[in-house]
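# Structural overview
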Amino acid sequence: MTVLERSADTSACDFPSHWSPALRRIFAARGVTGSEQLNYSAQKLLPPDGLKGLPQAIARLQQALQNNEHIVIVGDFDADGATSTTLAYQSLKAMGFQKVDYLVPNRFDYGYGLTPEIVEVAAERFQPQLIITVDNGISSCDGVATAMTLDIDVIVTDHHLPGDQTPEACAIVNPNQRGCEFESKQLAGVGVIFYVMSALRKALREQGWFKSRGIAEPNMAQYLDLVALGTVADVVPLDYNNRILVHQGLQRIRAGVARPGIYALLQVARKAYDRIASIDLGFIVGPRLNAAGRLDDISRGIACLLAQSLPEALPIASELDELNHERRAIERSMQAQALELLGEIDCGDHLPWGLSLYEPDWHQGVIGILAGRLKERYHRPVIAFAEASDTEIKGSARSIEGLHIRDALDRLAKHYPHLLQKFGGHAMAAGLSLKKQDFAEFSKAFDETVREMLNEDALTQRWLTDGELSSDELTLEFAHQIKDSGPWGQHFPEPSFVGTFNVINHRIVGEKHLKLALSHPSRGIIDAIAFNVDSEWLERELSEITLVYQLDVNVYQGDESAQLIVRHIVEAA
């Protein structure tokens with residue numbers, strides 16, 4: 001475990017004179033050289049012009065509108081897929097499309113994407129002339145081919161990395177497809193469909209559609225709450241364009257003009273909407289929405305987002321909250337089993353570099369979370385598998401910085417073409433399936449592949465911080481300044497700091513949380529909390545402690561105070 005300070009050269013930066021040295025370091029370390037790069041006005045969004053396939057998609061949608069065709073939206077079973085499906089459905093209806101339905105594959109019955117089976121379900125249930133995929137489709141070559149045999153056109157909108165082959169769809173809009181000149185490759189699926197629908201709205205306005213039909217032209221800003229939620233929940237990198245999208249969505253939520261379903265999810269989590277930050281979308285709203293897709297059917301989550309009023313949304317949000325509690329219990333049980341398995345593999349420094357774990361009774365919908373937890377604990381790529389059928393298992397992979405997990409699986413597939421049934425994903429997460437009988441061989445091959453692509457130093461966890469804070473910066477005012485300077489997220493991390501404090505007292509709250517009262521030279525006493533700490537810290541006597549922490553605003557009975565959120569205990573005495 002190594003604690004390092006982010007490199008930050010502020011000498012060439014054009015920051016406001018009133019900014020503190022710490023704030024200057026924070027933004028310089030994230031590649032920001034001037035306050036203009038923190039201007040999150042919607043006018044600063046990239047234009048859609050560079051999106052390859054967009055003109056063809058718009059032309060096909062206009063044809064569908066003119067001919068009153070039946071459209072089916074096929075989404076994914078996570079928060080990005082749910083927000084994408086909701087946005088596509090509502091915006092098409094708002095623009096005057098009469099026959100629009102959506103269909104999201106149940107992960108347990110059909111698996112991910114536009115499979116031939118889900119195309120057949122769509123054809124039988126809706127008889128559509130056009131299918132639009134959201135947050136999936138770039139690898140659905142067989143599904144699109146099946147649609148073509150049924151005289152159904154397909155528009156693919158996706159953000160995942162393409163494989164060697166792409167589907168023969170009538171249009172593909174994906175910033176990561178070959179030849180696409182759109183500058184931001186980091187859009188989530190909901191960001192892609194937002195751009196498509198915005199371009200469609202513009203095209204229909206220019207042809208006089210809204211005026212001629214007496215339809216109120218939809219304001220696309222009303223969908224930015226969905227874009228913010230899906231973008232943060234899918235953990236895509238927050239480049240400048242994505243930060244604008246998330247900021248604009250958060251502003252709508254805080255102002256009380258977002259959709260009732262989001263407020264219902266916040267209400268059941270007891271989170272005040274006017275104080276919401278990007279982290280709350282990722283850790284409060286997103287997991288409750290995802291719980292439906294993990295344990296049941298994401299259609300319940302979509303129904304919550306589509307609800308027209310808070311009374312309509314609240315019962316569904318309560319269901320999702322209960323599912324999330326159930327998911328947590330399943331996850332705790334699976335994690336205990338996984339730690340036991342790892343103890344049997346090796347309890348020392350000789351764990352595989354690439355970890356593969358499988359238990360027949362593990363839940364398909366929770367293996368991704370399990371893989372993420374183990375990745376954080378052991379700092380190496382992890383794939384957790386669950387049983388999919390009598391002969392097949394499905395895996396969910398999570399990776400660390402330095403190993404592109406989809407590229408790793410692609411490399412493995414080329415060396416061992418008989419092992420992988422199918423796979424897909426992006427840099428930090430992927431999904432795959434293989435025959436149950438091949439698990440042992442795959443585990444060995446995955447470890448070998450990771451060893452070929454990483455050096456041993458990459459397995460040493462590094463905590464990157466923004467250095468130490470002075471006593472003048474350990475304040476409620478600076479905590480607010482940090483909070484208001486977001487959104488923070490993937491590849492634009494919330495500021496963290498390192499510091500050594502005297503421990504005045506400490507106690508256990510909840511089951512596994514450590515509450516501390518700390519003192520700092522010239523600062524006085526400041527509260528801190530460490531969530532879900534290992535049991536050793538709950539039992540130790542502490543007099544001095546070195547922490548990696550984030551400076552937060554704590555609100556209790558209407559009063560605010562600065563509080564440290566402990567991310568890692570470096571050492572203690």
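If you're wondering where the values come from, they're calculated on a predicted model, not measured in any experiment.

## Examining the overall build of the protein
- Secondary structure assignment for the protein yields 18 helices and 17 strands.
- Relative to its length of 573 residues, the protein is compact, with a C-alpha radius of gyration of 24 Å against a globular reference of 25 Å.
- Dimensions of the protein along its principal axes, counting C-alpha atoms only, are 75 × 60 × 50 Å.
- Of all 573 residues assigned to the protein, the portion counted as buried reaches 54%.
- Residue pairs in contact within the protein that sit at least 24 positions apart in sequence constitute 67% of those at least 6 positions apart.
- Counting only carbon and sulfur atoms, one obtains 46% of the accessible surface of the protein, whose full area is about 24,800 Å².
- Treating the 53 positive side-chain charges of the protein as one cloud and the 76 negative ones as another, the clouds have centres 4 Å apart.

## Focus on the layout of surface pockets
- Within this model, the second largest pocket holds a volume of roughly 610 Å³.
- Pro 48, Ser 198, Ala 199, Arg 201 and Lys 202 are, among the 23 residues lining the second largest pocket, the residues nearest its centre.
- Of all the secondary-structure elements, those providing two or more residues to the lining of the second largest pocket are helix H2 (54–66) and helix H6 (189–206).
- Here the lining of the second largest pocket gets nine residues from one element, more than from any other, and that element is H6.
- Split into classes, the residues belonging to the lining of the second largest pocket amount to 16 nonpolar, two polar and five charged.

## Looking at the nonpolar core
- Membership of the largest hydrophobic core comes to 142 residues, with the highest contact counts inside it found for Leu 61, Leu 92, Met 197, Trp 362, Leu 518, Ile 545 and Leu 551.
- Here this core takes 11 residues from H6, the largest share from any one element.
- Among all residues touching Leu 61, those that are not within four sequence positions of it are Ile 71, Leu 92, Phe 97, Leu 130, Ile 132, Ile 155, Val 196, Met 197 and Leu 200.
- Core analysis: the second largest hydrophobic core is formed by 26 residues, Phe 385, Ala 413, Phe 439 and Ala 458 among them.

## With respect to the pattern of salt bridges
- What the rule picks out here adds up to 18 salt bridges.
- Glu 331 is the partner of Arg 373 in a salt bridge, and the nearest nitrogen-oxygen pair spans 2.6 Å. Highlighted residues: Arg 373 in helix H14 (residues 367–378) and Glu 331 in helix H13 (residues 310–345), separated in sequence by 42 residues.
- When its relative accessible area of 35% is taken as the criterion, Arg 373 is described as partly exposed.
- Across the salt bridge formed by Asp 410 and Lys 414, the nearest N and O atoms sit 2.7 Å from each other. Of the two residues, Asp 410 and Lys 414 both sit in helix H15 (residues 405–415), four residues apart, roughly one turn of that helix.
- Taking the relative accessible area as the measure of exposure, Lys 414 reaches 52% and is therefore exposed.

## Looking at the side chain of Ser 396
- Counting through the fold element by element, Ser 396 comes out in strand S9 (residues 392–398).
- Among the residues examined, Ser 396 registers a relative accessible area of 11% and is labelled buried.
- Those residues in contact with Ser 396 that sit more than four places away from it in its chain are Ile 367, Gly 368, Ala 371, Val 382, Ile 383, Ala 384, Ala 430 and Leu 432.

## Details of the sheet that holds strand S17 (residues 559–572)
- The strand order S13-S14-S15-S17-S16 describes a closed barrel built from five strands, whose pairing is mixed. In this sheet, neighbouring strand axes are inclined to one another by 45° on average, regardless of whether the strands run parallel or antiparallel.
- Where strand S13 (residues 497–509) and strand S14 (residues 513–520) come together, seven bridges link them in antiparallel fashion. When the bridges of S14 are listed, Asn 505 appears paired with Ala 517.
- Relative to strand S16 (residues 544–556), helix H17 (residues 476–484) is tilted by about 80°, and along the sheet it contacts S13, S16 and S17.

## Quick look at unusual backbone geometry
- Looking along the chain, the bond that leaves Gly 486 and enters Pro 487 is cis, with omega of 15°.
- Phi is positive for His 491, close to 65°, though the residue is something other than glycine.
- Secondary-structure assignment places His 491 in the loop between H17 and S13.
- Positive phi outside glycine occurs at Gln 557, with the angle close to 50°.
- When you line up the elements, Gln 557 lands in the loop between S16 and S17.

## Section: the environment of Asp 297
- When you line up the elements, Asp 297 lands in the loop between helix H11 (278–295) and helix H12 (299–306).
- Measuring from C-alpha to C-alpha, the distance between Asp 297 and Ala 408 comes to 30 Å, with 111 residues separating the pair along the chain.
- Setting aside its immediate chain neighbours within four residues, Asp 297 contacts Asn 106 and Ala 292.

## Some words on the pairing of S17
- Direction of pairing for strand S15 (residues 524–530) relative to S17: parallel, over a ladder of four bridges. Along S17, the bridge assignment pairs Ala 530 with Val 566.
- Bridging between S16 and S17 involves 12 bridges; their strand directions are antiparallel. When the sheet's bridge partners are listed, Val 553 is paired in S17 with Ala 562.
- Counting the residues that bridge the hairpin from S16 to S17 gives two residues, and of these Gln 557 lies at a positive phi of roughly 50°.

## Re empty space enclosed by the protein
- Under the counting rule described, the total for this entry stands at one cavity of 30 Å³ or more.
- As a volume, the largest cavity reaches approximately 30 Å³.
- Partitioned by chemical class, the residues of the lining of the largest cavity number five nonpolar, two polar and three charged.

Rules used throughout
Residues numbered from 1 in each chain as written. Predicted model: local features only at pLDDT ≥ 70, side-chain atom pairs only at ≥ 80, totals over all residues. Heavy atoms only, no water. Helix = DSSP H or I, 4+ residues; strand = E, 2+ residues; numbered from the N terminus. Rg over C-alpha atoms; globule rule 2.2 N^0.38 Å. Buried < 20%, exposed > 50% of the residue type's maximum accessible area, 1.4 Å probe, protein only. Contact = heavy atoms within 4.5 Å. Areas by Shrake-Rupley, 256 points an atom, 1.4 Å probe, with all protein chains shown as cover. Lys, Arg positive; Asp, Glu negative; His and termini not counted. Charge placed at Lys NZ, Arg CZ, Asp CG, Glu CD. 1 Å grid on protein atoms, 1.4 Å probe; cavity = no way out; pocket = protein on both sides within 12 Å on 5 of 7 lines; lining within 4 Å. Points joined across faces, edges and corners; volume = space filled by probe spheres on them. Nonpolar A, V, L, I, M, F, W, Y, C, P; charged D, E, K, R; others polar. Core = buried A, V, L, I, M, F, W, Y, C linked by side-chain atoms within 4.5 Å. Salt bridge = Lys/Arg side-chain N within 4 Å of Asp/Glu carboxyl O. Pairing = 2+ DSSP bridges. Axes fitted to C-alpha atoms, helices over the stretch in contact; angles between N-to-C directions.

Function cannot be read off these values alone, since they describe shape.
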